[in-house]
Amino acid sequence: MTCKKLRNKLSAYLDGELRNREKRKVQSHLGQCRVCREQLGQLQKIGILMQNLPSQEAPADLEAKILKRTILDQGKSKKKLIDVRVLWQIFRPDLEKVFIGAAVLMVIVGCCFYLWNFSSRPEISINYFEKEYVHSQGMSPFSGELTMLISLEGE
Amino acid sequence: MMPKNIFSIVLLGFALTVGSSGIAASQNPQEILKSSLKAQLHLSWTGVSRVEIFQEGENVILVTQIIHQPRLFHFVKYLEPPMLRGRIIFDDGVYARDYVPGKNKLNISPSFNSSEAGKKQMENLALLLKNYQVSASPGGTLLNRPVIKISLNPLYPGNPRMVIWIDEETHFPLKRERYGAEGKLVNVTTFMSLEFPNQVDPQKLMKGLSLKLKEKPLPPQSLVLTMEEVKKQAKFNVSLPHYLPPGYFVREARLLEEGKLVKLTYTNGLGVICLFQRPRAHVKMRYYSRVKFGQMGAQFREKGTSRTLVWTRKNITYVLIGDISREELNRIALSIE
């Protein structure tokens, strides 16, 4: 057993709280180590001094005060925890719903806009304009016959 | 038998009259052009035409049999390419009926050979002669016929040009080369065979046509109006360009789709610019690039001789098509208010 380990156990040794095996180890180390023996001696002296101190009466309401304070503190911390948890419990599912709702709404609005945009914008093939153009080219001298042939060439 | 022979003699006589009047004026290239246009419209002829269209990627060759009977019909039958073989265009001077036998599909458009179309061609020739320098030179022979080569060069750069080889005898155009605004050869039309007058019995031809081609279509869904009338009758505010390339004039203002679409046509005699406008629409188009002119975003594409610009501004969709340079196209688009 090292000195450090022994010093941690000295208080328990003095109070008779160690098991036999540990007690023997401590005694064996104390038999060999002078420094630890001195440490033990000091602790014994402190213990004697504490026992000899005159006792003083505690105020009558001290216990009540301590109890009250403890309960209040416990209550406060509990309340805070409850508030946060309750709020989280209340709002978390709603936020999710809000986000999902907003996303669905955006998709619906997007689809509506797309459909509106397309229904209000008729689709016309460029062929239509090109055929009209080619037909106008037929007004040019010496291109009427060629125009007729090219007008058939679709996209 | 007798009436048919008389008919042929009359046609031949008419052909020779037109031809001889052209020969008399052959010294003046402008007169040759006028005579050539008349010959095209008024001669009775049949021939096989070959059109080669030069385009990026793959050139297209169209071979067609054509029978032209003035004031009666203009008949075109596709011989090449194989995918178009058998397709027929029958123009009776009122409608051009385009029939695809395999698909049993009939497309109808206003006639290319009506007297009105001929009149417009004559008017445009007058405009062309103002905007183009016309020069004539001997062109050798085509189909064993001596020809005159007429070159039409624009007075203002950035416009298409044309070279025409005209039969010295009849003044019929036997070959044409068209060059785009950038000077690139766009197409060549050559006659592989030609006969005056045509040897086809019009009644026999009419009998042989599919019933589909004889259907009487509905009247054309468009109205030719003055610019003021178009502005009044259109179902939206019509905008006009403040800039036009030099030499171009408004030729036609047309209202289509019951007033929802306006088509304005400008020409310098040879080149044509069309400006379409209508309430906001989605113009479906492939093979285009996104471009910007001024602050506006637009779709742009080149196809054959033409360049197209499509854009939407203040809920109006514009389609501008022209055989002019891209710079000129942008300039017109920017000037539209």
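Cut-offs applied
Residues numbered from 1 in each chain as written. Chains lettered and ligands numbered in written order. Predicted model: local features only at pLDDT ≥ 70, side-chain atom pairs only at ≥ 80, totals over all residues. Heavy atoms only, no water. Helix = DSSP H or I, 4+ residues; strand = E, 2+ residues; numbered from the N terminus. Buried < 20%, exposed > 50% of the residue type's maximum accessible area, 1.4 Å probe, protein only. Contact = heavy atoms within 4.5 Å. Areas by Shrake-Rupley, 256 points an atom, 1.4 Å probe, with all protein chains shown as cover. Salt bridge = Lys/Arg side-chain N within 4 Å of Asp/Glu carboxyl O. Phe/Tyr/Trp six-rings, centres within 6.5 Å; stacked < 30°, edge-to-face > 60°. Lys NZ or Arg CZ within 6 Å of the ring centre and 35° of its normal. Buried area = accessible area lost by both parts, 1.4 Å probe. Arc of directions from axis to C-beta. Polar contact = N/O pair within 3.5 Å; in protein donor to acceptor, adjacent residues only side chain to side chain. pLDDT = per-residue confidence, 0-100. Pairing = 2+ DSSP bridges. Axes fitted to C-alpha atoms, helices over the stretch in contact; angles between N-to-C directions.

K.L.:
Outline the overall build of chain B, supporting the account with residue identities and numerical values.
P.N.:
The helix and strand tally for chain B stands at six helices and 20 strands. Split into buried and exposed, the 337 residues of chain B put 53% on the buried side. For chain B, the proportion of contacts with a sequence separation of at least 24, taken over those separated by at least 6, is 48%. Only carbon and sulfur atoms are counted for the fraction: they give 54% of the accessible area of chain B, which is about 16300 Å².

K.L.:
Tell me about the pattern of salt bridges, residues and numbers included.
P.N.:
Residue and element names in this part refer to chain B. A full pass over the atoms with the stated rule returns 19 salt bridges over all chains. Between K175 and E177 there is a salt bridge, with the nearest N and O atoms lying 3.7 Å from each other. Classification of E177 as buried rests on a relative accessible area of 14%. Linking E182 and R307 is a salt bridge whose minimum nitrogen-to-oxygen distance equals 3.2 Å.

K.L.:
Let's hear about the packing of aromatic side chains: which residues, and what values?
P.N.:
Any aromatic ring pair is given by two values, namely how distant the centres are and how the planes are angled relative to each other. Counted under the stated rule, the structure contains nine aromatic pairs over all chains. Residues A:F129 and B:F276 carry aromatic rings whose centres are separated by 5.0 Å and whose planes lie at 70° to one another, so their mutual orientation is edge-to-face. Of the two residues, A:F129 is situated in helix 5 (residues 126–137) and B:F276 in strand 15 (residues 272–279); the pairing between them involves two chains. No difference in accessibility class separates A:F129 from B:F276, as the two residues are buried. A ring pair is formed by B:F172 and B:F191, whose centres lie 5.5 Å apart and whose planes are at 65°; its orientation type is edge-to-face. Taken together, the residues span a long stretch of sequence, with B:F172 in the loop between strand 9 (161–167) and strand 10 (173–179) and B:F191 in strand 11 (residues 185–195) at a distance of 19 residues. B:F191 carries the same exposure label as B:F172, and that label is buried. An aromatic cluster is built from B:W45, B:F172, B:F191 and B:F196, whose rings are joined through pairwise contacts. Looking at B:R161, its charged tip hangs above the ring of B:Y179, at a distance of 3.9 Å from the centre.

K.L.:
Report on the interface of chain A and chain B, specifying residues and quantitative values.
P.N.:
With 34 residues of chain A at the interface, the matching set in chain B holds 69 residues. Across the interface of chain A and chain B, roughly 4400 Å² is buried in total on both sides, 62% from carbon and sulfur atoms. The tally of links between chain A and chain B comes to two salt bridges. Linking A:E132 and B:K263 is a salt bridge whose minimum nitrogen-to-oxygen distance equals 2.8 Å.

K.L.:
Account for helix 6 (residues 326–335) of chain B, with residues named and values stated.
P.N.:
Residue and element names in this part refer to chain B. Restricting attention to buried positions, one finds in helix 6 the residues E328, L329, I332, A333 and S335. All buried residues of helix 6 fall inside an arc of 170° around its axis, so they share one side. Buried positions along helix 6 lie against strand 15, strand 17 (289–293), strand 18 (296–303), strand 19 (306–313) and strand 20 (316–322).

K.L.:
Can you explain the side chain of B:K263? Please cite residues and give values.
P.N.:
Relative to the assigned elements, B:K263 resides in strand 14 (residues 261–267). Looking at B:K263, its side chain comes within polar contact range of the side chain of A:E132, at 2.8 Å. Leaving out residues up to four positions away in the same chain, B:K263 has contacts with A:E132, A:S136, B:E252, B:A253, B:R254, B:L256, B:C274, B:L275 and B:F276.

K.L.:
Go over the environment of B:K260, please, and point to the residues and values.
P.N.:
Residue and element names in this part refer to chain B. Mapped onto the elements, K260 comes out in the loop between strand 13 (249–256) and strand 14. Take K260: its relative accessible area is 38%, and that puts it in the partly exposed class. The contact partners of K260, leaving out residues within four places of it in the chain, are F236, Q277, R278 and P279.

K.L.:
Can you tell me about the confidence of the model for chain A, naming the residues and giving the values?
P.N.:
Of the residues in chain A, 79% have a pLDDT of 70 or more, and the chain-wide mean is 77. Across chain A, the secondary-structure element scoring lowest on mean pLDDT is helix 6 (residues 144–150) of chain A, at 54, and the one scoring highest is helix 2 (residues 20–32) of chain A, at 87.

K.L.:
Could you give an account of the sheet that holds strand 2 (residues 60–69) of chain B, with specific residues and numbers?
P.N.:
All names here are of chain B. Across the sheet, 11 strands lie side by side as 6-5-4-3-2-1-11-10-9-8-7; this open sheet has antiparallel pairing. Looking at the sheet topology across the chains shown, the edges are occupied by strand 6 (105–110) and strand 7 (132–142). The average undirected angle you get between the axes of adjacent strands in this sheet is 20°. Relative to strand 11, strand 1 (residues 45–53) is paired through eight bridges, and the arrangement is antiparallel. Paired with G47 across the two strands is L194, which belongs to strand 11.

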